[in-house]
Amino acid sequence: MDDTAPAAVPGPDVTRGRGAVVDDLAVRRARAEAVAGSGDHAGAVELFAEIVEDSCRVLGPDHPDTLLARHRHADCLDDAGGTAEAAGLHAAVAADRARVLGPDHPDALLSRHLHAYCTGESGDHELAARLHAAVAADRDRVLGAGHLDALLSHAEHAYFLGLTDRAAEAARVGAAVVAGRGRVLGAEHPETLTSRHNHASHVGDAGDAEEAVRLYALVVEARARVLGPDHPETLMSRHNQAFYVSATGDSEGAVVLYDGVVRDRSRVLGPDHPHTLLSRHNRADSLDDAGRTREAADLHAAVAADRARVLGPDHPDTLLSRHLHAHCVGASGDPGRAAGLYGTLAADRARIAGPGHPETLAGRHAHALYVGRSEAPDEAVRLFVPVVEDRVRVLGPDHPDTLLSRHEHAFHVGEAGDEDGAALLFAFVVQDRMRVLGADHPHTLVSRSEHARWVGLTGRTLTARDLHAGVVEDRTRVLGVDHPDTFVSRHLHATSAGDAGEVEEAVRLLAALVVDRAWVLGADHPETRASRHAHERFAERLDLR
């Protein structure tokens, strides 16, 4: 025998008798479980795959031990990162367990539960929600509605409902889980607290941010008392509480809460932990919402650098931080630098995901936008043309992002000197936004306002006056008489009336607008001064008659 060749690994010796073979399989299962328990999931997958093969041959494919080995093989495969494949294996085991043991057997229900879980973790949240709902109903019937396994299935159902943007339904299902776990385990049991945490999130996502803040305050207090103030789950609830405080409009309050979360997550988890980086990211968002955009830009830049170092330069979170850094740079008054940042980001996203990926298209749109704001409208038009074409192809002609790019393209066509072209393009954008979003949607009203403005710049002042009057009427009804956008439309309507020769009407409209803008914005606000100057200009023209 060639001593360089590997020795053959013997399988179970069937000549030793069935009992010995069964014992051998039991020993091998115990060894595979020990390997899995040590964290070597890939090694456990290999061992269980061999056990399944031998168990099928020796005991038969329908033997409970074979089914158990297949179940554990799927479990370990999920733990090793092969979740999509594990979903298929769990589905097959569930079907065979239902056939062999009966559809109501706890093991059959467990395999169905894990099939649903792996399906959701693989990305099909809609199917996972349906599968968990079915398992929950059957566990309620077989085990009882208060059984912990039934409550677990309902909790998973709520979780995946939330991921399919059905937050109100998730909140309803989650509330029942909170009540059930509270009744069975107690209100402050860790599993109950997990359900209360998730329920608060679904309540907030369903539109009641204030109630979510109230619920999270209670969860934070309970988790700090039960688990400790530094427990990762306590810190997670504090992070979410800050998120929904921001959602109520209290951006400064959110910044204060995030300050504490960042400090404590840095101390407990480490400054490079993804959760710490997420809290820093959200703190930057809240700074921006609070009007502290320059601070937000600096923080987004720092988070982007740290995410690139920790997660990698091509990680989606790194790219998101770079996107928001560029946005805040532009919003704080440096469009040229923002254009450069977005140009580089768009190129990187095209390299990673392709030029037609929605995130790439978002970066290309923003790049074109800030090129235009850098006083290069001709170049912006050149960039917007392929963005519009690609968004039509990838997202469809009626997608809101496609319509947004068409709106910005039309605007920059006008800024480049083609007023007639801009007016025509805006007419089509208005038509499509009215059909897709509705006549009263804020984006539709913006396009209608721009259409009226460019029509006026072509010299069709009477038409522009009538268009502006319609926008004023609808913005007043939809947004309110004192809304900033309504003020803009009232100013444009008044000046277009004056340009059309109705000077007395312009003076009257502008006089009322000056009073309202001074009351809401202040007498020295730039927009108040603009309306006052326009009023003075038309009043002088009236005096000269």
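Keep in mind that what you see is a predicted model, and the values were worked out from it rather than measured.

**Describing the environment of Leu-114**
Note on placement: Leu-114 falls in helix H5 (residues 106-121). Judged by relative accessible area, which is 16%, Leu-114 ranks as buried. Considering only alpha carbons, one finds Leu-114 and Ala-94, 20 residues apart in sequence, at a separation of 9.0 Å. Not counting chain neighbours up to four residues away, the residues in contact with Leu-114 comprise His-71, Asp-75 and His-90.

**Looking at the packing of helix H7 (residues 148-163) against helix H8 (residues 167-184)**
Taken N-terminus to C-terminus, the directions of H7 and H8 make an angle of 155°; their axes are 8 Å apart at the nearest point. When the axes of H7 and H8 are compared, the pair comes out roughly antiparallel. Helix-helix and strand crossings are classified by hand; for H7 and H8 the assignment is left-handed. Touching Leu-148, Leu-151, Leu-152, His-154, Ala-155, His-157, Ala-158, Leu-161 and Gly-162 of H7 are Glu-169, Ala-170, Val-173, Gly-174, Val-177, Gly-180, Arg-181 and Val-184, all from H8. Its residues placed into classes, the contact of H7 with H8 shows 10 nonpolar, five polar and two charged.

**Quick word on the packing of aromatic side chains**
Per the counting criterion, the structure on display carries five aromatic pairs. Aromatic side chains Tyr-159 and Phe-160 sit 5.0 Å apart centroid to centroid with 80° between the ring planes, which places their arrangement in the edge-to-face category. Taking the relative accessible area as the measure of exposure, Tyr-159 reaches 34% and is therefore partly exposed. In this structure Phe-160 comes out as buried when scored by relative accessible area, which is 0%. Aromatic ring contacts, followed pair by pair, group Tyr-216, Phe-243 and Tyr-244 into a single cluster. Taking NZ or CZ as reference, Arg-373 lies 5.2 Å from the ring centre of Tyr-370, over its face.

**Here's the deal with the confidence of the model for the protein**
On average, residues of the protein score 94 in pLDDT, and 96% of them reach the 70 mark or higher. Low pLDDT, under 50, characterises residues 1-16; the predicted model gives this stretch 10 contacts beyond four residues in sequence or across chains.

**Remarks on the nonpolar core**
Considering soluble globular proteins, one finds that nonpolar side chains tend to be buried as a cluster. Leu-287, Leu-299, Tyr-342, Tyr-370, Val-371 and Phe-384 are the most contacted members of the largest nonpolar core, which has 23 residues in total. Breaking this core down by element, the ones donating at least two residues are helix H13 (274-289), helix H14 (293-310), helix H15 (316-331), helix H16 (335-353), helix H17 (358-373) and helix H18 (377-395). For this core, the leading source of residues is H17, giving five residues. The contacts of Phe-384, once residues within four sequence positions are left out, are His-365, Ala-368, Leu-369, Ser-405, Glu-408, His-409 and His-412. In terms of nonpolar packing, the next biggest core, distinct from the first, is built from 16 residues, Leu-25, Ala-32, Val-58 and Leu-59 among them.

**What about helix H6 (residues 125-143)?**
The end-to-end C-alpha separation of H6 is 25 Å, in line with the 27 Å expected for 19 residues at 1.5 Å each. Buried-residue contacts for H6 involve H5 and H7.

**Let's talk about the side chain of Thr-495**
Structurally, Thr-495 is set in helix H23 (residues 484-499). Not counting chain neighbours up to four residues away, the residues in contact with Thr-495 comprise Ala-534, Arg-537 and Phe-538.

**A look at helix H25 (residues 526-543)**
Between the first and last C-alpha of H25 there are 25 Å, a value that for 18 residues agrees with the 26 Å anticipated at 1.5 Å per step. Taken as a whole, H25 has its buried residues at Thr-528, Ser-531, Ala-534 and Phe-538. Along the axis of H25, the buried positions cluster into a sector of 130°, meaning they face one direction only. Residues Pro-526, Glu-540 and Asp-543 are exposed on H25 and point more than 90 degrees away from its buried face. Those residues of H25 that are buried lie in contact with H23 and helix H24 (503-521).

**Things to note about a nonpolar patch on the surface**
Residues Trp-519, Val-520 and Leu-521 make up a contiguous nonpolar surface patch of about 340 Å² in total accessible area. With respect to the helices and strands, Trp-519 occurs in helix H24. Relative accessible area serves as the criterion here: at 76%, Trp-519 is assigned to the exposed category.

Cut-offs and rules
Residues numbered from 1 in each chain as written. Predicted model: local features only at pLDDT ≥ 70, side-chain atom pairs only at ≥ 80, totals over all residues. Heavy atoms only, no water. Helix = DSSP H or I, 4+ residues; strand = E, 2+ residues; numbered from the N terminus. Buried < 20%, exposed > 50% of the residue type's maximum accessible area, 1.4 Å probe, protein only. Contact = heavy atoms within 4.5 Å. Axes fitted to C-alpha atoms, helices over the stretch in contact; angles between N-to-C directions. Parallel < 35°, antiparallel > 145°, perpendicular 65-115°, else oblique. Left-handed = near helix turned anticlockwise from the far one by under 90°. Nonpolar A, V, L, I, M, F, W, Y, C, P; charged D, E, K, R; others polar. Phe/Tyr/Trp six-rings, centres within 6.5 Å; stacked < 30°, edge-to-face > 60°. Lys NZ or Arg CZ within 6 Å of the ring centre and 35° of its normal. pLDDT = per-residue confidence, 0-100. Core = buried A, V, L, I, M, F, W, Y, C linked by side-chain atoms within 4.5 Å. Expected span 1.5 Å × (residues − 1). Arc of directions from axis to C-beta. Patch = residues over 30% accessible without salt bridge, like charges linked within 9 Å, V, L, I, M, F, W, Y side chains within 5 Å. Areas by Shrake-Rupley, 256 points an atom, 1.4 Å probe, with all protein chains shown as cover. Salt bridge = Lys/Arg side-chain N within 4 Å of Asp/Glu carboxyl O.

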